[in-house]
Amino acid sequence: MNDRVSNSSAMTESSAVEIEIATRRLMAALDSLESAVERRRDADRDENELATRIQALGADRSRLADELDGALVKARKLERTNREISDRLESAIVTIRSVLDTGEDG
């Protein structure tokens, strides 16, 4: 009977050791899972921040494109006005030279 108690005690200790090992493995697995979840949250947060930045860049791009279009329209108007002024100045110079040439002849 003493052998049975001793075998039973050994089996109980063995079971306790196995349970301890299994518990440690479970805790390690849970820690790994928690770390993976945290990394995933960080990745999702980074992805959301990136999406927000991309959206902001798209809005900036649209605004800049509109500003560029406006600047191009103004530049074309200035070029047209510059040509008109140049043509008028050239016509005035021709007229003044003509008057001066006529005055020298007379």
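Only a predicted model underlies this, so the values are computations on that prediction, with no experimental measurement involved.

A few words now on the overall build of the chain. Looking only at helices and strands, one finds one helix and zero strands in the chain. Put simply, the chain has 106 residues, and 0% of those count as buried. Just so you have it, the chain exposes about 9,900 Å², and 56% of that area is on carbon and sulfur atoms.

Attention now goes to the pattern of salt bridges. Taken as a whole and judged by the stated rule, the model has six salt bridges. Here R45 makes a salt bridge to D42, at a shortest N to O gap of 2.9 Å. Remark: D42 and R45 occur in helix α1 (residues 2-105); sequence separation between them is three residues, near one turn of the helix. Linked by salt bridges that have partners in common, D60, R63 and E67 make up one network.

A contiguous patch of positive charge on the surface is contributed by K74, K77, R80 and R83. With respect to the secondary-structure elements, R83 resides in helix α1.

A cluster of nonpolar side chains, contributed by L26, M27, L30, L33 and V37, occupies part of the molecular surface with about 450 Å² of accessible area. If you trace the backbone, V37 turns up in helix α1. The class of V37 is partly exposed, set by a relative accessible area of 35%.

Thresholds applied
Residues numbered from 1 in each chain as written. Predicted model: local features only at pLDDT ≥ 70, side-chain atom pairs only at ≥ 80, totals over all residues. Heavy atoms only, no water. Helix = DSSP H or I, 4+ residues; strand = E, 2+ residues; numbered from the N terminus. Buried < 20%, exposed > 50% of the residue type's maximum accessible area, 1.4 Å probe, protein only. Areas by Shrake-Rupley, 256 points an atom, 1.4 Å probe, with all protein chains shown as cover. Salt bridge = Lys/Arg side-chain N within 4 Å of Asp/Glu carboxyl O. Patch = residues over 30% accessible without salt bridge, like charges linked within 9 Å, V, L, I, M, F, W, Y side chains within 5 Å. Lys, Arg positive; Asp, Glu negative; His and termini not counted. Charge placed at Lys NZ, Arg CZ, Asp CG, Glu CD.

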